[in-house]
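Structure at a glance
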Amino acid sequence: MNHGTIVASFGRQFEVLDADGTRWLCVTRGKRIDFACGDRVEFKATSDGHGVIQKAQARDSLLHRSDAFRQKLLAANVTQILIVVATGPSFSDELISRCLCAAEHQHLKARILLNKADVTAGLDDARRRLAMFTALGYDVIELSAQRDVSVLKALLADETSVLVGQSGMGKSTLTNALVPEANAPTREISEALDTGKHTTTATRLYALPGGGALIDSPGLQAFGLAHLSEDDLLSGFREFSPHLGHCRFRNCKHDTEPGCALLAAVDSGDISARRFSHYRLLSSEIHHARKLVQGY
C-alpha cells in the first residue's frame, strides 16, 4: 500500500504526491468523492503513475460547504483560512461571515486579505465595509498581489493555509506571486487528463518556499453551512459569546422573543446589526435545509 497527500482535486480524480515526490493520478472506489485536497491517504497502484485511493487518515480539520442534499469538500488538514476580497469588483460581506463561521467551527485561524489595495478608488469603501470584522479582532491585511506579497510570507510559514473568496478577487494572482512555479503542475495534470477545462475548477496544494503549504480553491459564489447545528452557528459569531445564556427564555430563538440578550445587544450597538442579519439569514437557511431533509 502506498501513502501520500492529495495535492489536487479534479471532481472524481485526484493527484497524490507520495513521500518520494512522485505524483500519482488517482481515482476513488465507485462514486465516492469524500476526499479533499490536503487529505493524507492510502492508495493502491494500478499502473504506472495511476492508482485507486483506499482511505484517508484521520483529519485535523475539514473545510466544506453544504446545502440540504449535497456537500462539497474544500480542503482538509488546514490550519488557516485566508478570505480574499478586493477593492474591485465588489465583494460580499455575507460570504465573509459564512467563511468565518466555517473557520470558527473547525478552530482555524482566519484572516481577511484585502487585495488590489493600490486601487485607491475603492479602498475607503472596502475598509468601511470590513470595519465590522476588524472590530471583532479579525486581521485585515492590505496588499497588492501584482506588486508585493511579502507581508504574507511570515504569516504563511509553517501553516497550511487555504485561499477562499469570490471569483475575480485575485486568488490565482496571489498564488502565482507566492509560488512562482504554480502554473507548471496545472499544465501537467491537464495534459494527463487530456483536457484543459479542469484547470479553472481544480483545488491545488503547493509547498511554500519558506515552509508550510498553500491551497488555492476555485472562486466561491455560495457557501452553504447546512451541516452546522444552531449551537455551532451561534458559536461561529464570536461577538455573541458574552450574551449567550442570558436570554429570558432558555429556548430563545433570538427572533422576536422578549428578553432576548442578543436583540438587546444589537439595540445597544454591542453586536453589529449587519452581522446579526447574517446570523438570521444563515439560521433560517439551516432550518429550511433540515426541513427539506426531513421531507416537509
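The following paragraphs examine the structure supplied in this document. Residue positions are given per chain, counted from 1 along the sequence in the order it is written. Local features in this predicted model are restricted to residues of pLDDT 70 or higher, and side-chain atom pairs are both shown and tallied only at a pLDDT of 80 or more, whereas totals for entire chains, interfaces and linings draw on every residue. In computing side-chain values, all of the structure's heavy atoms are included and hydrogens and water are not.

1. Brief notes about the packing of aromatic side chains
Where two aromatic rings form a pair, the distance of their centres and the angle of their planes describe that pair. Only Phe, Tyr and Trp rings take part, Trp by its six-membered ring, and two of them pair if their centres are within 6.5 Å. Stacked means planes under 30 degrees apart, edge-to-face means over 60, and tilted covers everything else. On inspection of all chains with the given rule, the structure shows 7 aromatic pairs. Each ring, one from Phe240 and one from Phe276, has its centre 6.1 Å from the other, and the planes form 55°; the classification is tilted. Pair noted here: Phe240 is in the loop between α6 (230-236) and α7 (261-268) and Phe276 is in helix α8 (residues 273-294), with a separation of 36 residues, a long-range link. A 1.4 Å probe rolled over the protein chains alone gives each residue an accessible area, and that area as a share of the maximum for its type sets the label: buried under 20%, exposed over 50%, partly exposed in between. Taking the relative accessible area as the measure of exposure, Phe240 reaches 0% and is therefore buried. Classification of Phe276 as buried rests on a relative accessible area of 4%. Considering the side-chain rings of Phe276 and Tyr279, the 5.6 Å spacing of their centres and the 40° angle between planes classify their relative orientation as tilted. In this pair, Phe276 and Tyr279 both sit in helix α8, 3 residues apart, roughly one turn of the helix. An identical accessibility class is assigned to Phe276 and Tyr279; each is buried. A network of ring pairs unites the aromatic residues Phe237, Phe240, Phe276 and Tyr279 as a single cluster. The criterion for a charge sitting over a ring is simple: Lys NZ or Arg CZ within 6 Å of the ring centre, and within 35 degrees of the ring normal. We note Arg238 situated over the ring of Tyr138; from NZ or CZ to the ring centre the distance is 3.8 Å. We count a stretch as a helix when DSSP gives it H or I for four or more residues in a row; a strand needs E for two or more, and each element gets its number in order from the N terminus.

These values are about where atoms sit, not about what they do.
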